[in-house]
Amino acid sequence: MRATLMYRAGDVRVETVADPAVRKPTDAIVRIVRACVCGSDLHPYHGLPEQERGMPMGHEFLGVVEETGPQVSSVRAGDLVVASFSYQDDTCEFCRAGFQTACSHPEAGFFSAAQAELIRVPLADGTLYKLPAGVDTALLPSLLTLADVYGTGYHAAKMAKVTAGDTVAVIGDGAVGLLAVLSARQLGAERIILMGRHKTRTDLGREFGATDVVAERGDEGIALVRELTGGGAHKVLEAVGHRPAYDQAVGVVRGGGVISRVGVPQYEEAPVGFASLFGRNITLNGGPAPVRAYIAELLPAILDGTVDPGKVFDRTVTLDEVPDAYRAMDDREILKALIAF
């Protein structure tokens, strides 16, 4: 099969590799129909050390089941499925509590081989979600967002406990930030301030429900948000992962508020002391989104057309065009690339 490999920062190739096979009775093999490039894929694109064999890339996919192990019971060959970006048994105490990314099963983990024609899915019963038969192909981009970015944006809002009447600030105008805007609107936020500086993206953010856009960064951006909100936002959703975005979140949250982080942190140390969080009774939470917990909740609005999260995809590419899709996303030419097979 053909698959995407990264050999070092900036070096992405599509090569022929061995087809995956069922290794354990709980495995499934899926032929991928749609995949994509994620903003988090750009982190290794910037800093991956040289790899002798190439690192498989991609964690978001939907496709058709080709084969299952003998213990798989929830899906069968021919089913259209979407997978969470993590794989888990969905039965342990953490999964049952809605935190599948903390699954205690020894085989649990995270995908990193989905920009390819085929993929092996461990713990298939707890990972794959069967989609309705005969679904309109026009819905596939939106259905793919359930694998990560929509569920991650929704997780940001849920962990912040966004509710009716809240003022919410969203930091970051990437796909996750934009879908955090959509999620905050769905949960009843009254005012949503999107902090981003790319107009085509923030225009989509307005379509998703942002009431205000603040393009300024740093102290200037913080001052503007605090002025707009009369002292800061009740809930802040940080969808970037870099230290300046965290510092901005600390600056715009009001006393007693919540910062919910879903951007993969690219730093180890950040202020949490008296002046920054403790003294103002700020709650800090978030983490890798357990998107498997949200699929059933978010799916109906996609199917009936109430929401269209697939609008975050602004370029469709073939598998062979994936290396240029990385470049285009890194250069901010596009927001998010959809891979169609």
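Here is what the cut-offs are and how they apply
Residues numbered from 1 in each chain as written. Predicted model: local features only at pLDDT ≥ 70, side-chain atom pairs only at ≥ 80, totals over all residues. Heavy atoms only, no water. Helix = DSSP H or I, 4+ residues; strand = E, 2+ residues; numbered from the N terminus. Rg over C-alpha atoms; globule rule 2.2 N^0.38 Å. Buried < 20%, exposed > 50% of the residue type's maximum accessible area, 1.4 Å probe, protein only. Axes fitted to C-alpha atoms, helices over the stretch in contact; angles between N-to-C directions. Parallel < 35°, antiparallel > 145°, perpendicular 65-115°, else oblique. Left-handed = near helix turned anticlockwise from the far one by under 90°. Contact = heavy atoms within 4.5 Å. Nonpolar A, V, L, I, M, F, W, Y, C, P; charged D, E, K, R; others polar. Pairing = 2+ DSSP bridges. Salt bridge = Lys/Arg side-chain N within 4 Å of Asp/Glu carboxyl O. Phe/Tyr/Trp six-rings, centres within 6.5 Å; stacked < 30°, edge-to-face > 60°.

### Structural notes on the overall build of the chain
Each helix and strand counted, the chain has 11 helices and 18 strands in total. Scaling as 2.2 N^0.38, a compact globule of 341 residues should have a C-alpha radius of gyration of about 20 Å, and the chain matches this with 20 Å. Once the C-alpha set of the chain is aligned to its principal axes, its extents read approximately 60 × 40 × 35 Å. The buried share of the chain, taken over its 341 residues, is 54%.

### Observations concerning the packing of helix H5 (residues 149-159) against helix H6 (residues 175-186)
Where H5 contacts H6, the axes come no closer than 7 Å and their chain directions differ by 55 degrees. As summarised for this structure, H5 and H6 are arranged oblique, according to the angle between their axes. The crossing of H5 and H6 is right-handed. Contact residues: Val149, Tyr150, Thr152, Gly153, Tyr154 and Ala157 in H5; Ala175, Val176, Leu179, Ala180, Leu182, Ser183, Ala184 and Gln186 in H6. Residue composition of the contact of H5 with H6, grouped by class: 10 nonpolar, four polar and no charged.

### Considering the sheet that holds strand E4 (residues 55-56)
The strand order across the open sheet formed by three strands is E2-E1-E4, and the pairing between neighbours is antiparallel. Two strands close off the open sheet at either side, each with one partner strand: strand E2 (11-16) and E4. Two elements, strand E1 (residues 2-8) and E2, share six bridges in a ladder whose sense is antiparallel. Residue pairing in the sheet places Leu5 in a bridge with Arg13 of E2.

### Comments concerning the packing of H6 against helix H7 (residues 199-208)
Viewed as axis vectors pointing N to C, H6 and H7 meet at an angle of 15 degrees, and their least axial separation amounts to 8 Å. Of the possible angle classes, the one that applies to H6 and H7 is roughly parallel. You can see that H6 and H7 cross each other, and the crossing is right-handed. Along the contact surface, H6 presents Leu178, Leu179, Val181, Leu182 and Arg185, while H7 presents Arg201, Leu204, Gly205, Glu207 and Phe208. Classifying every residue of the contact of H6 with H7 gives six nonpolar, one polar and three charged.

### Section: unusual backbone geometry
Not every positive phi belongs to a glycine, and Leu123 is a case in point at roughly 50 degrees. Tracing the backbone through its elements, the reader meets Leu123 in the loop between strand E9 (118-121) and helix H3 (124-127). A positive phi angle, near 60 degrees, is found at Lys161, a position not held by glycine. Positionally, Lys161 belongs in the loop between H5 and strand E11 (167-171). Note on Lys161: relative accessible area 62%, which makes it exposed.

### Some thoughts on the pattern of salt bridges
This model, assessed by the stated rule, comprises 19 salt bridges. A salt bridge links Glu333 to Arg327, with the shortest nitrogen-to-oxygen separation between them at 2.8 Å. With a relative accessible area of 28%, Arg327 lands in the partly exposed category.

### Observations regarding the packing of aromatic side chains
For the coordinates displayed, the defined rule picks out six aromatic pairs. For the ring pair Phe61 and Phe111, a centre distance of 5.2 Å and an interplane angle of 90 degrees mean the geometry is edge-to-face. Linking Phe61 in strand E5 (residues 61-68) with Phe111 in the loop between strand E8 (109-110) and E9, this pair joins segments that are 50 residues apart in sequence. A centroid spacing of 6.0 Å and a plane angle of 20 degrees characterise the contact between Phe85 and Phe110, whose relative ring orientation is stacked. In this pair, Phe85 sits in the loop between strand E6 (80-83) and strand E7 (86-87) while Phe110 sits in strand E8, placing the two residues 25 residues apart along the sequence. An aromatic cluster is present here, built from Phe61, Tyr87 and Phe111 joined pairwise through their rings.

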